[in-house]
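# Remarks on the overall topology
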Amino acid sequence: MADFDAWQPTASMDSLRTRAQVMAQVRGFFALRNVLEVETPMLSQASVTDVNLRAFETRFSHPQSSQEQVLYLQTSPEFAMKRLLCAGSGSIYQLSKAFRNEEAGRFHNPEFTMLEWYRVGFDHWQLIDEVDALLQEVLDTPPLEIVTYQQAFIRYCDFDPLDISLAHLQQQTSRLGFNDIAQSETNKDVLLQLLCCELIEPQLSQERPVALVNFPASQAALAKLEPEDPRIARRFEVYYKGIELANGYHELGDPQEQLTRFENDNLLRQSKGLPTITIDNLFIQAMHQGLPDCAGVALGFDRLMMLKRQSSRIEQTMSFFIDNA
Amino acid sequence: MANYSTNEFKAGLKIMLDGEPCNVLENEYVKPGKGQAFNRVKIRKLISGKVLEKTFRSGDSVEGADVMDTDLSYLYNDGEFYHFMNNETFEQIAADEKAVGENVKWLVENDTCTITLWNGSPIAVTPPNFVELEITETDPGLKGDTAGTGGKPATLATGAVVRVPLFVQTGEVVKVDTRSGEYVSRAQK
């Protein structure tokens, strides 16, 4: 972009009109299903422990305090929405801004719009059906296909990702063309994520949306483990035309297990030389009150718009991009 | 040489890969919502000329390559080496056949070429975008024909073969675009 028109929006007016229409369509979709729209704070006293996320920090100068308070811009509205669920909200959804530092590119802007929703009484399979219904309504897609993480690796990488040893996984990664990373990386999940990004995602969902299900337990994030098979978690990701669109869980309800996962994140942070993050106590307190059995999913709204408009870059769906925000 | 992290990989950065200096062409950020970030980098190897894609973990770093471009005049070929000179310092540099490669057919005495040096040694020679060369051989064309009918092949003084319009004759000097290898016009002389 030449300097003289740097002030111009990065989306066309037509694209902004489509965006507004889809927002209205999404609100209609949830109104019909009696899911309550909510708003939760974007500024929070606590942040996430996830090793691969970095929150923006800012400082609050309270008019009645001489001390500034550190606040974080939310990386997703998950914890606040779960506190509402613990307080008895019933099924809820939110269309909100989320912020992630160090993320910018064709599919990333550090400030983006997330559509996140929770369905009380649903498991992840029922929620996948609802994501499918939403995609069919907004994008007119063919019915979604379910593929397990294990099937995807066997199909595109020719090995079984569950129960694999580090040495064997390094060998496979090297065979598949990533020798440098294979030799220096000792975290199995990083190697699996590399192969998933480079070899599976681009091929997986060209014809129809795909829900990749049964992620390894080590990548459970905030999902319940599968009671029948503790190697896998009740976590899914939805892709369409190679784009990662949504991530969902049959939500973990055990506060002790939740706390342990946060603590493990912090241990992993320490081993990588990253700062540890203060665990969100208000969230853990709410979990002790009791999270109703529910499934939840976060869907990148700007990416949904990329698919709707067949845009090649995310800034074509937003009024202004980080480069000219 | 300094090390560069993936977030410094801009187009044009010169880095070392598998012992060969490379030019970064593109750098794409890839990150799963839950998981490690990667950079998918498109690279041109400067000696073999091969273009390839390589994935790094975001934050990985690699050694920079001591590569610089310098503009020098082409002097002559002694049968083995191609000699170039800096017109201000009169310092001379000899490039071998491998460094000159296919561009040998565009080397015109006294033309200014860009020589790419790696650790001080020439690894590539880029001719000017336009060179003027005499036609040494072409079929006599039809009188009165103007450009646009496909033309005919013409051999130039350096051995290069380009398509020229039918009206251009042996002995004439023509201007050629070295990037596409296409005839531009008769030389203005």
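Residues numbered from 1 in each chain as written. Chains lettered and ligands numbered in written order. Predicted model: local features only at pLDDT ≥ 70, side-chain atom pairs only at ≥ 80, totals over all residues.

### What about the overall build of chain B?
Rules: Secondary structure elements are taken from DSSP: a helix is a run of H or I of four residues or more, a strand is a run of E of two residues or more, and numbering for both begins at the N terminus. Using C-alpha atoms as the atom set, the radius of gyration is obtained and then compared with a globule rule of 2.2 Å times the number of residues to the power 0.38. A residue is called partly exposed when the number of other C-beta atoms within 10 Å of its own lies between 12 and 20, exposed at 12 or fewer, and buried at 20 or more, with C-beta atoms placed from the backbone. We call two residues in contact when their backbone-placed C-beta atoms lie within 7 Å.
Summing up its helical and strand segments, chain B has one helix and 16 strands in all. Relative to the globule expectation of 16 Å for 189 residues, the C-alpha radius of gyration of chain B, 21 Å, shows a markedly less compact shape. The principal-axis extent of the C-alpha atoms belonging to chain B is close to 70 × 45 × 25 Å. Residues classed as buried in chain B amount to 26% of the 189 residues present. Intrachain contacts of chain B at a sequence separation of at least 6 include 45% that bridge at least 24 residues.

### Considerations on the overall build of chain A
Each helix and strand in chain A was counted, giving ten helices and 13 strands. Compactness check: chain A gives a C-alpha radius of gyration of 20 Å against a globular reference of 20 Å for 325 residues, within 12% of the reference. Across the 325 residues of chain A, 41% fall into the buried class. When contacts within chain A are restricted to residue pairs at least 6 apart in sequence, those whose partners lie at least 24 apart make up 68%.

### Thoughts on the UniProt feature "domain: Aminoacyl-transfer RNA synthetases class-II family profile" (unreviewed entry) in chain A
Short version of the rule: UniProt positions are given in the numbering used here, feature names are shortened, and annotations may be inferred rather than shown by experiment.
The positions UniProt marks with the feature "domain: Aminoacyl-transfer RNA synthetases class-II family profile" (unreviewed entry) are residues 14–325 of chain A. What you have in residues 14–325 of chain A is 39% helix and 22% strand, and the ends, taken at the C-alpha atoms, are 20 Å apart.

### Details of the UniProt feature "domain: Translation elongation factor P/YeiP central" (unreviewed entry) in chain B
Under the local residue numbering, the UniProt record ascribes the feature "domain: Translation elongation factor P/YeiP central" (unreviewed entry) to residues 69–123 of chain B. Along residues 69–123 of chain B one finds 7% helix and 49% strand; the C-alpha atoms at either end are 10 Å apart.

### Here we look at the sheet that holds strand β9 (residues 92–95) of chain B
Pairing between the strands of a sheet is mediated by backbone hydrogen bonds and can be parallel or antiparallel. All names here are of chain B. Here is the rule: Strand pairing is defined by DSSP finding a minimum of two bridges between the two strands. The convention used is that axes are lines fitted to C-alpha atoms, helices contributing only their stretch in contact, and that angles between N-to-C directions extend from 0 to 180 degrees.
Reading across from one edge, β9-β8-β7-β10-β11 is the order of the five strands in this open sheet, with antiparallel pairing throughout. Only two strands of the sheet have a single neighbouring strand rather than two, namely β9 and β11 (121–126). Sheet twist, expressed as the mean angle between neighbouring strand axes with direction ignored, is 45 degrees. As defined by bridge partners, strand β7 (residues 67–77) adjoins strand β8 (residues 82–85) across four bridges and the pair is classed as antiparallel. Along β8, the bridge assignment pairs tyrosine 76 with histidine 83.

### Section: the sheet that holds strand β1 (residues 36–37) of chain A
Residue and element names in this part refer to chain A. As summarised here, the arrangement of the eight strands in space is β1-β5-β6-β13-β12-β11-β8-β7, forming an open sheet in which the pairing is mixed. Single-partner strands in this sheet number two, and they are β1 and β7 (145–148). Inspection of the sheet shows strand β11 (residues 235–240) paired to strand β12 (residues 243–250) by six bridges, in the antiparallel sense. If you follow phenylalanine 236 over to β12, its bridge partner there is glycine 248. Strand contacts of helix α2 (residues 78–86): β5 (92–99), β6 (111–120) and β13 (294–300), with the helix running at about 25 degrees to β6, the strand carrying the most contacts.

### A closer look at the packing of helix α8 (residues 255–271) of chain A against helix α9 (residues 281–289) of chain A
All names here are of chain A. So the rule is basically this: Oblique is the label for any angle not covered by the other classes, which are roughly parallel (under 35 degrees), roughly antiparallel (over 145) and roughly perpendicular (65 to 115). Three classes are used: nonpolar for Ala, Val, Leu, Ile, Met, Phe, Trp, Tyr, Cys and Pro, charged for Asp, Glu, Lys and Arg, and polar for all others, with Gly counted as polar.
With their axes 9 Å apart at the nearest point, α8 and α9 run at an angle of 155 degrees to one another. In terms of orientation, α8 and α9 fall into the roughly antiparallel class. Here α8 contributes Pro255, Gln258 and Leu259 to the contact with α9, which in turn contributes Ile284, Met287 and His288. Grouping the amino acids of the contact of α8 with α9 by side-chain chemistry returns four nonpolar, two polar and no charged.

### Digging into the interface of chain A and chain B
With 18 residues of chain A at the interface, the matching set in chain B holds 13 residues. Elements represented by at least two residues in the side of chain A that touches chain B include exactly α7 (188–204) and β12 of chain A. A per-element tally of the side of chain A that touches chain B places α7 of chain A first, with six residues. Residues of the side of chain A that touches chain B, tallied by class, amount to eight nonpolar, six polar and four charged.

### Overview of helix α10 (residues 301–309) of chain A
An α-helical turn contains 3.6 residues, so any two residues separated by three or four positions project in the same direction. Residues and elements named next belong to chain A. All buried positions along α10 are accounted for by Phe301, Asp302, Arg303, Leu304, Met305 and Met306. Its buried side turned inward, α10 meets α1 (13–32), β5, β6, α3 (124–139), β12 and β13. Looking at the residues trailing α10, positive phi occurs at glutamine 310, about 55 degrees.

### Re the packing of α1 of chain A against α3 of chain A
Residues and elements named next belong to chain A. The test is simple: Handedness of each helix crossing follows the sense of rotation of the near helix against the far helix: counterclockwise by less than a right angle gives left-handed, clockwise gives right-handed.
Closest axis-to-axis distance for the α1/α3 pair is 11 Å, and the angle between their directions is 145 degrees. Seen along the crossing, α1 lies across α3 with a hand that is right-handed. Between α1, through Val22, Gln25 and Phe29, and α3, the contact on the second element is made entirely by Leu134, Glu137 and Val138.

### Digging into unusual backbone geometry
Residue and element names in this part refer to chain A. Positive phi, normally seen in glycine, also occurs at glutamate 102, with a value near 70 degrees. Relative to the helices and strands, glutamate 102 resides in the loop between β5 and β6. A positive phi is found at asparagine 214, a non-glycine position, where the angle reads about 60 degrees. Note on placement: asparagine 214 falls in the loop between β8 (210–213) and β9 (225–226). Asparagine 214 gets classed as buried once you count the C-beta atoms within 10 Å, which come to 22.

### Observations regarding α2 of chain A
All names here are of chain A. Those residues of α2 that sit buried are Glu78, Phe79, Ala80, Met81, Lys82 and Leu85. The inward-facing, buried residues of α2 contact β5, β6, α9 and β13. Downstream of α2 by one or two residues, glycine 88 has phi in the positive range, about 95 degrees.

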